[in-house]
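# Fold and geometry: a report
One letter stands for each residue in the lines below.
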Amino acid sequence: MKITKMRINRFGRFSDADFTLPDHPFLIIYGPNEAGKSTLKTFINHMLFGFPQKGKLEPYLERNGIDPGGSLVLDTQQFSSITLERRLANKKEPRIYMANGEIKPISHIQKLFHGIDRSIFEAIFCFDLDGLQGLEKIGPDELNHFLFSAGMMGSTKLFQLEQSLDKRLAELFKPSGRRPIINQLLAECDQKREEMKSWEKKLDRYHDLQHLIHENRKKLATQQRQKRNLEERNQQFAQYMVLKPLIIAFQTINDELKQLIPQHTFPEKGLERFEKWQAQAIPLEGEIAEAARKIEQIDQTLTQQSFDEKWLAEERNLVTLIQKSRDMAYLKEDLQVLNEKCHQAQQKLNDILQRLGGEWSPEKVSQAITGLEVKDHLKSLLSERQKVTSEKGQHEASVNQSLSRRRDNEEKIKRLKSRQLSDERRRQIESKLAQTGDEEGLIREKDWLEQQLETVRIQKKQADKLKKTGLVIGVAGTLLSIFLALTVSLFIQPISGLLLGGTGLLISTVFVVFMLSSSAKTGPYHSEAKTAQRLKDVDDLLSQPKEDLAALKDSLEEDLQVVTTLHMEEERMNEEKRLYEQAITKLDKAVLHFEMNEQGLAEWLRENGFLQTTRYNVLEDIYQLVEEGKAASQLIEQYGVQIKEREQRIGTFETTKKQLAQRLNVPEHDIAALQKELALQKEKYQTYTQRLNQKKSLIEQKEALEDKVERFYRECRKIMEVSGVSSEEAFRQAAERDKRRRMLLTKRSELKYQMSQAASSEEVLERCFSWFETGEWTGTSEASLRDGREKIERTITALNQQLIDWQSELRHLEENQMYTELQYGFEETKALLNEKARQWTVYKAAQTLLHKAKENYRHDKLPKVLKQASSYFAKITSGAYQSIYLTEDFGFAVQREDGTGFHVTEISRGTKEQLYLSLRLALASMFETKDKFPIIIDDSLVNTDPNRHKQVMTLLNDVAKKHQVILFTCHKDRYKGHPSEAWVTL
């Protein structure tokens with residue numbers, strides 16, 4: 001079943017509205033807050049299942065009394081396209097139009113709904129965020145109702161029967177009801193008899209009140225319209241008074257701008273540019289005059305200067321000689337330095353040999369092989385040695401750490417075992433918890449123990465009495481035997497006395513022992529302590545508070561956690577043993593690599609001519625000293641060659657200096673005089689050349705300045721031509737007019753912005769300009785408007801008070817039934833009295849049988865619903881939660897992927913809403929009908945994060961393959977990926 005069109009005649013904020021839904025299984029209807037999304041959802045609900053009571057429709061009714069209603073066009077597989085039309089005035093009889101225009105009765109649409117009523121539709125198919133959260137309160141009984149509805153689709157009569165039974169039983173009798181029908185029928189008969197007598201007098205007044213109320217409402221509506229018109233006019237006047245000063249200033253500026261309209265367009269920043277060109281030209285004219293004066297001075301200086309060209313011809317030779325003279329000084333210093341360096345290199349070589357040891361000699365140092373490849377090989381070996389040494393140390397540390405962890409695990413296991421309950425203690429706790437489960441048995445056991453204890457105490461008293469008697473007789477017999485023995489011994493014969501005394505003592509002892517054993521066998525009083533202890537234990541169990549039982553349960557749970565942790569620690573201990581063996585293996589490999597590295601270093605020393613040593617940690621320093629020793633030997637050779645070359649250059653210089661002195665007729669050693677004279681001639685020549693270059697530069701500068709001055713004045717003339725003036729004075733006057741005009745334009749823009757901010761819309765601003773031009777509000781004041789409004793309000797108050805009085809009187813009359821209805825009701829009540837009692841018995845028996853059938857059906861359908869809901873929930877949460885289950889006592893719960901269970905109150909708000917969405921979709925899938933009901937969701941995904949929101953959208957797209965899905969939302973950005981053709985914007 002799909003909703004394709006909606007026609008709203010009047011409902012809430014909608015009036016004469018038509019909506020055609022796109023042909024897409026998953027639609028999103030978007031609109032901002034208060035755009036009418038919830039109103040549209042409620043309209044669909046009322047169109048499908050009828051209008052409720054007027055009290056629930058109050059937010060969607062208009063005060064003007066227009067009848068709300070509309071129609072839905074449904075595309076169904078069973079009846080093709082049908083139109084369902086309802087109006088509040090005729091809410092019990094909707095109109096059903098087929099595609100061919102034929103009108104069908106209401107039973108036709110009931111076949112399509114298959115017993116689904118408003119409560120099932122709102123609970124399963126049509127919900128918002130509050131509806132999702134309300135599913136938390138669904139228990140097994142209410143879920144039973146939904147499951148039965150889902151499984152009995154096709155049995156419309158059976159479902160209607162259940163609704164009818166519930167309704168009729170509630171009407172006939174309620175255990176906590178105030179006015180059951182059966183209890184009121186007899187009293188109702190007497191009441192209606194009296195009401196019929198008084199009603200005849202009230203009919204005339206009732207009709208008069210209806211007429212008066214109708215006329216009053218017409219007057220009240222007229223006054224209300226006048227009040228709204230006056231309030232609107234008052235608001236317009238207030239807006240006009242706020243804008244009036246701004247409008248006056250705006251019109252004044254416009255008038256002045258009309259007078260300042262220029263004949264020619266004044267250039268942008270014309271005056272500023274004109275003055276800029278003038279300011280740049282004036283200083284340039286002074287620079288031109290200064291350049292002419294400098295040119296004249298240079299000409300006079302050139303005529304007075306001269307130089308000797310002969311010295312310039314010998315300049316190269318002189319410069320070369322002078323440079324070489326300085327080089328010779330450096331060469332001599334360098335020669336001395338080289339001698340010193342050679343000596344230092346020899347000392348360094350001797351020092352290196354001493355540091356290397358007595359076994360090293362210059363020849364062995366020279367024979368040792370060095371170089372980048374040899375050095376890299378050594379570094380590689382030493383780096384490898386460092387690496388294997390580090391690995392060896394790491395593996396040794398790993399072995400030590402593994403041993404330390406094993407000791408820690410052993411300590412932890414020891415502590416856990418100390419916390420673990422003993423088997424005997426665990427059995428005692430379990431026994432106590434098991435015993436507390438049979439409270440009646442404990443009470444019976446207590447009575448029996450009390451009787452047994454009383455019997456034991458009686459027997460004990462008898463045994464004590466017998467024991468005391470035996471002891472008295474025994475003591476008396478003993479004393480008598482002693483007395484007789486002494487008497488016989490003294491007066492007859494000592495031996496006879498001893499025999500008599502021993503016989504008497506023996507008989508007394510045997511008698512005492514016999515009496516004591518007899519007292520012990522008189523009853524089971526020896527178990528008195530055990531019986532009393534058991535009685536105390538039973539009393540403790542019966543008087544034990546729930547908190548103690550909870551403590552025992554917590555003790556068992558804690559012991560279970562300790563056992564689990566102990567098992568984990570033992571597994572960790574086994575893992576540490578395995579890691580220890582691995583660490584030992586790695587340590588053996590590291591030791592092997594270390595030994596191989598030492599062999600490689602010894603081979604390197606032998607191959608490259610180094611003396612064998614075991615000091616591998618300083619081997620790199622030894623290599624460095626050998627390399628430095630070889631370098632020192634090479635330096636000694638190089639210094640010898642350089643010393644010889646410098647001595648040759650010094651001799652050549654002395655010969656050249658002597659020849660040049662002879663050509664210039666100067667002393668051989670007077671190089672400084674030659675250099676000074678050459679510098680003087682060069683200076684004269686350079687001065688002459690500089691003067692010529694300065695003259696040329698000044699001439700070029702003067703010509704460039706003259707071109708700039710001409711260009712600046714040409715720009716000034718162009719600006720005046722554009723402004724349409726020929727003189728500088730006229731140009732400045734035009735500039736002042738343009739400045740004033742631009743200032744007025746800026747001020748006018750500011751006024752226009754202020755007016756647009758003060759006015760609520762552009763239309764209001766235009767209307768205020770029109771009022772200003774026509775003088776609409778001339779002579780109007782705020783006081784006159786306020787007086788008119790107060791007068792109308794007083795009239796409305798009086799009319800409302802009169803209407804309230806008349807309506808109160810009319811309601812008082814309407815509380816009683818009409819006269820004919822009272823007569824009919826009186827007779828009907830008498831006939832229904834016996835019938836209702838019989839009906840209640842029949843309905844109650846039928847309801848009991850039907851509930852039993854529903855409960856049996858729930859046991860069959862509930863696992864399927866929970867399985868489907870678990871599949872949906874796992875998909876939304878990307879497998880974080882695997883299953884959903886329902887308990888009789890606590891309702892819904894979920895199980896995480898690690899097996900941990902949570903009640904719905906323990907999960908987050910967003911996850912809870914996703915759970916309820918999964919349950920609703922699963923219940924919807926269980927309704928086995930030919931036409932699947934559409935699923936309508938009103939902004940129920942606001943607490944869903946982006947990842948799960950994407951999964952929810954994928955799930956809804958899958959559901960849309962069977963059900964039309966309509967999602968109302970005010971969050972457009974959350975659904976950017978949804979196809980554009982599936983959107984409806986309010």
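Please read these numbers as outputs of a predicted model, since none were measured by experiment.

Now for the overall build of the protein. Across its full length, the protein carries 26 helices and 14 strands. Buried positions account for 35% of the 986 residues belonging to the protein. When contacts within the protein are restricted to residue pairs at least 6 apart in sequence, those whose partners lie at least 24 apart make up 78%.

Moving on to helix 9 (residues 270-302). Note: α-helices contain 3.6 residues per turn, so residues at a spacing of three or four share the same orientation. Counted at 1.5 Å a residue, the expected span for helix 9 with its 33 residues is 48 Å, and the 49 Å between its end C-alpha atoms agrees. Within helix 9, burial applies to Gly270, Phe274, Trp277, Ala281, Leu284, Ile288, Ala291, Ile295, Ile298 and Leu302.

Quick look at the sheet that holds strand 8 (residues 126-128) now. Strand order in the open sheet formed by 5 strands is 8-12-13-3-14, and the pairing between neighbours is parallel. Two strands close off the open sheet at either side, each with one partner strand: strand 8 and strand 14 (983-985). For this sheet the average axis-to-axis angle between neighbouring strands, irrespective of direction, equals 15°. In this structure, strand 3 (residues 26-30) lies alongside strand 13 (residues 965-969), joined through 5 bridges in parallel fashion. Paired with tyrosine 30 across the strands is threonine 969, a residue of strand 13. This element, helix 26 (residues 946-959), spans strand 3, strand 12 (935-938) and strand 13 of the sheet and lies at about 125° to strand 3.

Take the pattern of salt bridges next. Counted according to the given criterion, the structure contains 17 salt bridges. Linking arginine 405 and glutamate 576 is a salt bridge whose minimum nitrogen-to-oxygen distance equals 3.0 Å. With arginine 405 in helix 13 (residues 372-419) and glutamate 576 in helix 18 (residues 546-607), this pair connects stretches of sequence that are 171 residues apart. When the shortest N-O distance is used, the salt bridge between lysine 412 and glutamate 569 registers 3.8 Å. In this pair, lysine 412 is assigned in helix 13 and glutamate 569 in helix 18, connecting sequence segments 157 residues apart. When its relative accessible area of 30% is taken as the criterion, lysine 412 is described as partly exposed. Assessed through its relative accessible area of 4%, glutamate 569 is described here as buried.

Here the focus is the pairing of strand 2 (residues 14-20). Across 6 bridges, strand 1 (residues 2-11) lies against strand 2 in antiparallel orientation. Within strand 2, the position partnered with methionine 6 by the bridge is phenylalanine 19. In this antiparallel pair of consecutive strands, strand 1 and strand 2, the connection spans 2 residues, and glycine 12 shows a positive phi of 65°.

A few words on the pairing of strand 1. The side chains of a regular strand alternate between the sheet's two faces. Alignment of strand 1 against strand 4 (residues 69-76), held across 7 bridges, turns out to be antiparallel. Bridge pairing in strand 4 links isoleucine 8 to glycine 70.

A word on the packing of aromatic side chains. Under the defined criterion, the tally for this structure stands at 8 aromatic pairs. Ring centres of phenylalanine 14 and phenylalanine 19 lie 5.6 Å apart, and the angle between their planes is 85°; on these two criteria the pair is classed as edge-to-face. Given the relative accessible area of 8%, phenylalanine 14 is considered buried. A ring pair is formed by phenylalanine 49 and phenylalanine 121, whose centres lie 5.1 Å apart and whose planes are at 50°; its orientation type is tilted. Residue phenylalanine 49 is located in helix 1 (residues 37-49), and its partner phenylalanine 121 is located in helix 4 (residues 118-125); the two are separated by 72 residues in the primary sequence. As far as burial versus exposure is concerned, phenylalanine 49 and phenylalanine 121 are alike and both buried. Each member of the aromatic cluster is reached from another via a ring pair, and the members are Phe49, Phe121, Phe125 and Phe933. Across the ring face of phenylalanine 14, the terminal group of arginine 13 is positioned such that the distance to the ring centre comes to 5.8 Å. Positioned above the aromatic ring of tyrosine 580 is the side chain of arginine 406, whose terminal nitrogen or guanidinium carbon lies 5.4 Å from the ring centre.

Reading across from one edge, 9-10-11 is the order of the 3 strands in this open sheet, with antiparallel pairing throughout. Each having just a single partner strand, strand 9 (881-887) and strand 11 (901-903) make up the two edges of the open sheet. Taken pair by pair, the neighbouring strands of this sheet meet at an average axis angle of 30°, ignoring direction. Two elements, strand 10 (residues 891-896) and strand 11, share 3 bridges in a ladder whose sense is antiparallel.

This part covers a nonpolar patch on the surface. Together, Val475, Leu479, Ile482, Leu486 and Leu505 line one region of the surface with nonpolar side chains, adding up to about 450 Å² of accessible area. Ranked by residue count, the leading element in the nonpolar patch is helix 15 (residues 439-491), at 4 residues. Mapping valine 475 onto the fold places it in helix 15.

A separate point is the UniProt feature "coiled-coil region" (unreviewed entry) in the protein. Residues annotated in UniProt with the feature "coiled-coil region" (unreviewed entry) correspond here to residues 182-240, 328-355, 671-722 and 789-816. The distance from the first to the last C-alpha atom of residues 328-355 is 40 Å, and the span holds 100% helix and 0% strand.

What follows deals with the nonpolar core. Formed by 86 residues in total, the largest nonpolar core has its most connected members in Met6, Leu48, Leu72, Phe121, Phe125, Ile884 and Leu915. Broken down by element, the residue count for this core peaks at 8 residues, all from helix 25 (residues 909-925). Leave out the neighbours within four places in its chain, and phenylalanine 121 touches Asn45, Leu48, Phe49, Ile116, Cys126, Phe933, Pro934 and Ile936. By size, the runner-up hydrophobic cluster in this structure holds 30 residues, among which are Leu751, Ala759, Cys768 and Leu803.

So, about the environment of valine 952. Turning to its location among the elements, valine 952 is positioned in helix 26. Note on valine 952: relative accessible area 1%, which makes it buried. Taking the C-alpha atoms as reference, valine 952 lies 9.2 Å from leucine 917; in sequence the two are 35 residues apart. Once you skip the residues sitting within four places of it in the chain, valine 952 turns out to touch Ile876, Leu917 and Leu941.

Examined against the element boundaries, histidine 978 turns out to sit in the loop between strand 13 and strand 14. With a relative accessible area of 8%, histidine 978 lands in the buried category. Reaching out from histidine 978, the side chain makes a polar contact with the backbone oxygen of phenylalanine 26 at a distance of 2.9 Å. Other than its neighbours up to four places away in sequence, histidine 978 contacts His24, Phe26, Ile28, Met953, Asn957 and Trp983.

A word on a negative patch on the surface. A surface patch of like charges, here negative, comprises Glu700, Glu703, Glu706 and Asp707. Mapped onto the secondary structure, glutamate 706 falls in helix 20 (residues 671-723).

Moving on, we come to a positive patch on the surface. A grouping of Lys708, Arg711, Arg714 and Lys718 is seen on the molecular surface, where their side chains present a positively charged patch. Its place among the elements puts arginine 714 in helix 20. A residue is classified by how much of its surface remains accessible, and arginine 714, at 35% relative accessible area, is partly exposed.

Moving on, we come to unusual backbone geometry. At glutamate 34, a residue that is not glycine, the phi angle is positive and equals roughly 65°. Structurally, glutamate 34 is set in the loop between strand 3 and helix 1. For glutamate 34, a relative accessible area of 76% translates into the label exposed. A positive phi angle, near 55°, is found at serine 878, a position not held by glycine. By the element assignment, serine 878 lies in the loop between helix 24 (819-876) and strand 9.

When you line up the elements, leucine 331 lands in helix 11 (residues 315-356). Residue class for leucine 331 comes out buried when judged on its relative accessible area of 6%.

One can describe the packing of helix 11 onto helix 20 by two numbers: an axis separation of 10 Å at closest approach and a directional angle of 135°. When the interaxial angle is binned, helix 11 and helix 20 end up oblique. In terms of crossing hand, the pair formed by helix 11 and helix 20 is left-handed. Each of Glu315, Leu318, Val319, Leu321, Ile322, Ser325 and Arg326 in helix 11 lies in contact with helix 20, whose residues at this interface are Ile671, Leu674, Gln675, Leu678 and Lys682.

Below, the discussion takes up the confidence of the model for the protein. Looking at the protein, pLDDT values average 77 and 82% of them are 70 or higher. Confidence drops under pLDDT 50 across residues 147-157; counting only partners more than four residues distant or on other chains, this segment forms 31 contacts. For the stretch residues 521-526, pLDDT sits under 50, and the model shows 12 contacts to residues farther than four places along the chain or on other chains.

Analysis parameters
Residues numbered from 1 in each chain as written. Predicted model: local features only at pLDDT ≥ 70, side-chain atom pairs only at ≥ 80, totals over all residues. Heavy atoms only, no water. Helix = DSSP H or I, 4+ residues; strand = E, 2+ residues; numbered from the N terminus. Buried < 20%, exposed > 50% of the residue type's maximum accessible area, 1.4 Å probe, protein only. Contact = heavy atoms within 4.5 Å. Expected span 1.5 Å × (residues − 1). Pairing = 2+ DSSP bridges. Axes fitted to C-alpha atoms, helices over the stretch in contact; angles between N-to-C directions. Salt bridge = Lys/Arg side-chain N within 4 Å of Asp/Glu carboxyl O. Phe/Tyr/Trp six-rings, centres within 6.5 Å; stacked < 30°, edge-to-face > 60°. Lys NZ or Arg CZ within 6 Å of the ring centre and 35° of its normal. Patch = residues over 30% accessible without salt bridge, like charges linked within 9 Å, V, L, I, M, F, W, Y side chains within 5 Å. Areas by Shrake-Rupley, 256 points an atom, 1.4 Å probe, with all protein chains shown as cover. UniProt positions renumbered as here; feature names shortened; annotations may be inferred. Core = buried A, V, L, I, M, F, W, Y, C linked by side-chain atoms within 4.5 Å. Polar contact = N/O pair within 3.5 Å; in protein donor to acceptor, adjacent residues only side chain to side chain. Lys, Arg positive; Asp, Glu negative; His and termini not counted. Charge placed at Lys NZ, Arg CZ, Asp CG, Glu CD. Parallel < 35°, antiparallel > 145°, perpendicular 65-115°, else oblique. Left-handed = near helix turned anticlockwise from the far one by under 90°. pLDDT = per-residue confidence, 0-100.

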